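The residues making up each chain are set out below.
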Protein chains: 2
Amino acid sequence: MTKLDRTDLKILQILQDEARITNQDLAERVSLSPSSCLQRVRRLESNGVISAYHAKVNLASVCRHVMCIATVTMKNHTREEFRAFEALINTIPEVVECVTVSGEFDFFLRIICPDMSSYLEINERLVSSVNYLVTINTHVVMNENKKFGAIDLSSLDEGG
Amino acid sequence: MTKLDRTDLKILQILQDEARITNQDLAERVSLSPSSCLQRVRRLESNGVISAYHAKVNLASVCRHVMCIATVTMKNHTREEFRAFEALINTIPEVVECVTVSGEFDFFLRIICPDMSSYLEINERLVSSVNYLVTINTHVVMNENKKFGAIDLSSLDEGG
DNA sequence: AATGTTTTCCGCAGAAAATTTGGCTGCTAA
DNA sequence: TTAGCAGCCAAATTTTCTGCGGAAAACATT
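Residues numbered from 1 in each chain as written. Chains lettered and ligands numbered in written order. Predicted model: local features only at pLDDT ≥ 70, side-chain atom pairs only at ≥ 80, totals over all residues.

Asks: Whenever I open this one, the UniProt feature "domain: HTH asnC-type" (unreviewed entry) in chain A confuses me. Can you help?
Replies: In this numbering, the UniProt entry assigns the feature "domain: HTH asnC-type" (unreviewed entry) to residues 4–65 of chain A. Annotated as residues 4–65 of chain A, this span is 53% helix and 13% strand, and its ends, taken at the C-alpha atoms, are 40 Å apart. (UniProt positions renumbered as here; feature names shortened; annotations may be inferred. Helix = DSSP H or I, 4+ residues; strand = E, 2+ residues; numbered from the N terminus.)

Asks: Is there a simple way to explain the protein's contact with DNA strand D in this structure?
Replies: The environment of DNA strand D is made up of 13 residues, and the closest members are A:N23, A:S35, B:S33, B:S35 and B:S36. Put simply, the parts of the chain that give the surface near DNA strand D at least two residues each are α2 (23–29) and α3 (34–47) of chain A together with α3 (34–47) of chain B. No other element matches the 4 residues that α3(B) contributes to the surface near DNA strand D. In terms of residue class, the surface near DNA strand D is made up of 3 nonpolar, 9 polar and 1 charged. (Near = placed C-beta within 6 Å. Nonpolar A, V, L, I, M, F, W, Y, C, P; charged D, E, K, R; others polar.)

Asks: Even after reading the chapter, I still don't get the interface of chain B and chain A, so can you show me in this structure?
Replies: Size of an interface: often given as the accessible area lost when the parts come together. Taken together, the contacts link 61 residues of chain B with 62 residues of chain A. Put simply, the parts of the chain that give the side of chain B that touches chain A at least two residues each are α1 (6–17), β1 (50–57), α4 (79–89), β3 (95–101), β4 (107–113) and β5 (134–146) of chain B. It is β5(B) that provides the largest number of residues to the side of chain B that touches chain A, a total of 9 residues. Judged from the 4 bridges that link them, strand β3 (residues 95–101) of chain A and β5(B) form a sheet pairing that is antiparallel. Bridging across to β5(B), A:V99 finds its partner in B:E144. (Contact = placed C-beta atoms within 7 Å. Pairing = 2+ DSSP bridges.)

Asks: So what exactly am I meant to see when it comes to the sheet that holds β4(B) here?
Replies: Through backbone hydrogen bonds, the strands of a sheet pair up, either in parallel or in antiparallel fashion. Here we have 8 strands rolled up into a closed barrel, ordered β2(A)-β4(A)-β3(A)-β5(B)-β2(B)-β4(B)-β3(B)-β5(A), and antiparallel in their pairing. Taking the axes of each pair of neighbouring strands and ignoring which way they run, one obtains an average angle of 35 degrees across the sheet. With 5 bridges joining them, β3(A) and strand β4 (residues 107–113) of chain A adopt antiparallel strand pairing. Bridge pairing links A:V95 to A:I111 in β4(A). (Axes fitted to C-alpha atoms, helices over the stretch in contact; angles between N-to-C directions.)

Next up, the structure:
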């Protein structure tokens, strides 16, 4: 577990929202020289604290689409069936996210596809491509009130 | 709705996963000169097709934490109550995502916090800080099988 | 307090990248 | 045909990156 000082946290907080800021500007924002700043960023990258840089594509400005959240419940809670389901998920690019959870459901899926008919196809595939039983419940996303954005790191600052 | 050609899609596909690639390398990958490539990227940015660049922070390498998915059901489906709930959400930084959905639930929340006790506090806040009734169901994320990654844009290529 | 060690910092300068400029080509509409 | 426009490239210019040596700061030990 990497130790981060206040400056590292400031860097992370900025890069979470402005990943393409120039090193010079970043250095100025955190009150460091460019060379020191770059050194820290490189360390954060090689430590794996920064795992990737992503451009966020505003799909709405490109084409119509539908986002759904699906809850999945397996009838049998065996390791093999879970593994098989996870493997299946990874073959479907429209499933952009899958988490295993505790509670009444086993998985939450996030699925993005062009329209409902293609969603139905995927749903079929999820249900029928496996030789065990799953229950899938679909929820169409009607509004994104708060998008998955920057994680607030301020609570880690010293006292935290 | 912005028209995108094959080259734009290639650029987007690359930037989704490698947002900090240099313009020169990007240009080479899409077989353009650096100046043309930059021009396209700038256009995608000003069109809003690329809405932001994010560094992904690997929270696990920094500190222990818990991620939960919460389903929320409002007792009364009035506009005011929805607005109030959304406003409340926006005051809680640990709630990193909130979507409105159709179906048996009204909202899905994603919450990241240091531990379960702080999660409980937030849960309390969600339930009690409002003068109307909500039902919240919590699911602890045990595994992230597929993280929210690149959206597959290949279906948009020409025929799509 | 003095010493040694480690870490972090800065400024510099060459290398690399970004950005601007201007010109060429091909397309479209008048 | 030709003016207007959009896209492309090469070259020139500006800006940024980045490795290095040495200074400063932090820390531990004696």
